[in-house]
Structures are given as structure tokens and as C-alpha cells.
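A look at the structure
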Amino acid sequence: MIYTRVVRPALFRLGGGDPEIAHARTTAALRLLRPAAPLLRRYFGSGSPRTVFGVRFPNPVGLAAGMDKDGQHLRAWPALGFGFVEVGTVTRHPQPGNPVPRLFRLPASEALINRMGFNNAGADALADQLRALGPLPVPLGISIGKSKITPVDRAVEDYLASFRALRHFGDYFAINVSSPNTPGLRALQDRAALDTLLGALRQEATARLLVKIAPDLTEHAIAEVLEVCDTHRIDGIIATNTTLSRDGLAPADTPLATEPGGLSGRPLTTRARDVVAFIAKHTNGNLPIIGVGGILTPDDALSMLDAGASLLQTYTGLIYSGPGLVRRINRAVSGKGR
Ligand SMILES: Cc1cc2nc3c(=O)[nH]c(=O)nc-3n(C[C@H](O)[C@H](O)[C@H](O)COP(=O)(O)O)c2cc1C
């Protein structure tokens, strides 16, 4: 309540209302949490621990990729209660991303549209950062994607280079083939291209590999992705990334609907959950799923787990519901109320 009535309006006014400036300032302020991190973690992060694809998670609520691309706030997220963190997406080559403005709030719909375009300092810089940080109190996922300057037909080398730079640091690696903001990237979800990419990564690695998919795939296309994942012993699926659809927007937000980019938040809730349910059914519950997309309340989180997810992630929920969301989800999941 205090967050949505008082804190959120103030945050949304920061930087003259520019969401990217608000993001930079609030994440910079996370440094202030550092001295109290272990204490905060006990308060926010208690939940139901679980082991998924061989990794022990203190609770099932993770920070989704894109919030901390370069791993600059890795001590803060566990203090807010997250049971794991996915950094990135990083690319082999450092890159500035798309020109600003590239992040838009659609408050009436509790949604965001972004076309960040993988702005990041590159895989080597992330490796340096993680080396300097040392061990973390929660599992770490590392999301890797394709550099913009690398043509799609050379994508495999690009992913491999990022993976090689980071292989010692991740508890799992998310192979991002689903961001809508790098031209051609989503074509890597096609059967032949995905087969080549995952084959090359699997040959290189005994690491845990997960594939992150778009919510805009048909069931037939998802089934094909799952077949390829099975062939290469992929450890899990992250479902889903942002959508290109503009369904479910409140009328007040329609002026922004034409902005190119991926839509996240409330309009994605049902679709992401349906994709998770489809995957769980299609794999008889045998493939771990990280459910992400439009989790803004504890009920959304419980529905995602009911649909078959083993772990959860949130990004837009943190913006609209505030950091208390993580604790509320954890309490709900462990049956302690909301
Ligand atoms: C500003 C922004 C940047 C994002 N960047 C990435 C990214 O780099 N890699 C990725 O896999 N997903 C990225 N995502 C997608 C989120 O990880 C998540 O899959 C999606 O937003 C749906 O979850 P949500 O509704 O909880 O936000 C980004 C999302 C937003 C809003």
C-alpha cells in the first residue's frame, strides 16, 4: 500500500518521469542496503527452499533477466528476498543498445514496453565483475544473447564466446533466443537454427543450460523447441520473454501501444501462464520450468506454480508492486498468508 500510494508515484516522477533515469537512480540506491544485507535477507527471503535441476534455491522467486544486466547490484537482490538472480542478457561484444527513449511505462495497464536492445558491457566485463565479487548467497543465472554486430548466421560463435568467458560463474546459463529487440534473434528459435546452437553449446558444456522462449510462439513451434531441447539435454525452459502483442492494454495506454518493443507486465500474465501449462503438459512435468511474465501479485505467483513452474521470476512486478512483492510471494508460497 505504502509502495503504490507513496513510493511509486515519487519514483515515477524521478528524472522528469524518464523510466530509465528512475531505474538508474533506484538501482544505485540499492548500495545503501549493503551493510544490512544479511539481516534483510532473513526478513524478506524466507520461503520454501527447493532443489531444481540439481541446484538448491533458498526460495523460488528470482529476479528476471534485464534488470541487472552487468551484475552491478548482486549483493542487493538477495537482501530484497530474491532466491536467485539472472544477470544479463550479456553479449560477446559490449554494446550501447538502442537509442533512447527505449523504455516506456504504461501505468493503467501495469505494463512496460522496452526496446533496450541488449545494452551491456560485454561478457568479459561481466566475468571480471563476478570474479571480483566472489561467492553469492543465492544461485546465479547468466543470460547470454547475440551481439548486434554479429550476423545471425554467425550467432553460434558469438554465444560460445560469451559462454566461454563466463562458464565458471553461472549456476545455470539462459540461452536467450527470444528478445524482440535484436533483429533476427527470434529466428534462432526455429528448429534447425536452435538445433545447431544448442548442439554447439552442449558439446562445449556440461553446464546447466536453459532456453528462454517468446510468448508469441504457436503451440506447434513450442513443441518443436521442446524436441530440440530434449535432443540436447537442455536442463529447463524459461517461459516467457516479452510479447510483441498489444492485447490487453487499457485504453489510457493506447497512445504508447505503437512504440516498437516487447510488452511485459499485466497484459502478459495469462499468456505466460498458458505457455508454462502447455510445456508442463507436453513434457509430463519432467522438464523444469522457470515461469515469468506478468507476476504482479502472490496470486499470480501461485497460479504460475499451479501451471507447472518450479521457479518464478519477476521484473515488471517489481516496478508496479514494489520490492515487498518478493516477501509476499514467499509467504504465500510457504502457506503463511499474503
Ligand atoms: C526493461 C526490460 C529489459 C529486459 N531485458 C531482458 C534481457 O536482457 N534478457 C532477457 O532475457 N529478458 C529481458 N527482459 C524480459 C524479462 O526478463 C521478462 O522475461 C519479461 O519482462 C516478462 O516478465 P515481467 O512481466 O515480470 O516483466 C527485459 C524486460 C524489461 C521490462
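Everything in this summary refers to the structure shown in the same document. (Residues numbered from 1 in each chain as written. Predicted model: local features only at pLDDT ≥ 70, side-chain atom pairs only at ≥ 80, totals over all residues. Heavy atoms only, no water.)

As a further point, take the overall build of the chain. Counting its regular elements, the chain contains twelve helices and 13 strands. The C-alpha radius of gyration of the chain comes to 18 Å, within 12% of the 20 Å expected for a compact globule of 338 residues. Considering only C-alpha atoms, the chain reaches an extent of 50 × 45 × 40 Å along its principal axes. By residue count, 56% of the 338 residues in the chain fall in the buried class. At a minimum sequence separation of 6, the contacts of the chain that also span at least 24 residues come to 72%. Summing over all exposed atoms, the chain offers an accessible surface of approximately 14,000 Å²; the carbon and sulfur share of this is 55%. Of the side-chain charges in the chain, 38 are positive and 28 negative, and the distance between the mean point of each set is 9 Å. (Helix = DSSP H or I, 4+ residues; strand = E, 2+ residues; numbered from the N terminus. Rg over C-alpha atoms; globule rule 2.2 N^0.38 Å. Buried < 20%, exposed > 50% of the residue type's maximum accessible area, 1.4 Å probe, protein only. Contact = heavy atoms within 4.5 Å. Areas by Shrake-Rupley, 256 points an atom, 1.4 Å probe, with all protein chains shown as cover. Lys, Arg positive; Asp, Glu negative; His and termini not counted. Charge placed at Lys NZ, Arg CZ, Asp CG, Glu CD.)

With that settled, consider the nonpolar core. Counting residues in hydrophobic clusters, the biggest one holds 95 residues, and the most contacted among them are W77, L166, I175 and I213. The element that contributes the greatest number of residues to this core is helix α8 (residues 219-231), accounting for seven residues. Once residues within four sequence positions are removed from consideration, W77 is found in contact with T27, L30, L63, M67, D68, F82, V85 and L318. By size, the runner-up hydrophobic cluster in this structure holds seven residues, among which are F104, I113, A257 and L263. (Core = buried A, V, L, I, M, F, W, Y, C linked by side-chain atoms within 4.5 Å.)

Time to look at the sheet that holds strand β6 (residues 111-114). A sheet is described by the order of its strands in space; here three strands give the open sequence β5-β6-β11, paired in antiparallel fashion. The sheet is open, and its two edges are formed by β5 (103-106) and β11 (262-265), each paired on a single side. Neighbouring strand axes in the sheet, compared pairwise and without regard to direction, differ in orientation by 25° on average. The pairing of β5 with β6 spans four bridges and is antiparallel. Counted as the bridge partner of R105 is L112 from β6. (Pairing = 2+ DSSP bridges. Axes fitted to C-alpha atoms, helices over the stretch in contact; angles between N-to-C directions.)

In this section: the site of the ligand. Taken together, 25 residues lie near the ligand, and A65, T89, K212, G294 and T316 sit nearest. Contacts to the ligand include A65, whose backbone N or O atom sits 2.7 Å from an oxygen atom. Note that an oxygen atom of the ligand is positioned 3.0 Å from one of the backbone N or O atoms of T240. Taken together, the elements giving at least two residues each to the shell around the ligand come down to β4 (84-90), β6 and β11. Residue classes in the shell around the ligand are distributed as nine nonpolar, 14 polar and two charged. (Near = heavy atom within 4 Å. Polar contact = N/O pair within 3.5 Å; in protein donor to acceptor, adjacent residues only side chain to side chain. Nonpolar A, V, L, I, M, F, W, Y, C, P; charged D, E, K, R; others polar.)

On to the sheet that holds strand β13 (residues 311-314). Here we have eight strands rolled up into a closed barrel, ordered β3-β4-β7-β8-β9-β10-β12-β13, and parallel in their pairing. On average, each strand axis in the sheet is inclined to that of its neighbour by 25°, with strand direction left out of account. Most of the contacts of helix α6 (residues 155-166) go to strand β7 (residues 140-144), to which it runs at about 155°, and overall it touches β4, β7, β8 (172-176) and β9 (209-213).

The next point concerns the environment of S178. By secondary structure assignment, the location of S178 is in the loop between β8 and α7 (191-204). Sequence spacing of S178 and T243 is 65 residues, and the spatial spacing of their C-alpha atoms is 9.3 Å. With residues near it in sequence (within four places) discarded, S178 still touches L185, R186, Q189, K212, I213, A214 and N241. Within the local environment of S178, its side chain forms a polar contact with the side chain of N241, the two groups lying 3.0 Å apart.

Our focus in this paragraph is the packing of α8 against helix α9 (residues 269-282). Where α8 contacts α9, the two axes come as close as 11 Å, and the packing angle between them is 50°. Taken together, the axes of α8 and α9 lie oblique to each other. The way α8 lies across α9 gives a crossing that is right-handed. Between α8 and α9, the contacting residues are E219, I222, A223 and L226 on the first element and R271, V275, F278, I279 and H282 on the second. Class assignment of the residues belonging to the contact of α8 with α9 gives a composition of six nonpolar, one polar and two charged. (Parallel < 35°, antiparallel > 145°, perpendicular 65-115°, else oblique. Left-handed = near helix turned anticlockwise from the far one by under 90°.)

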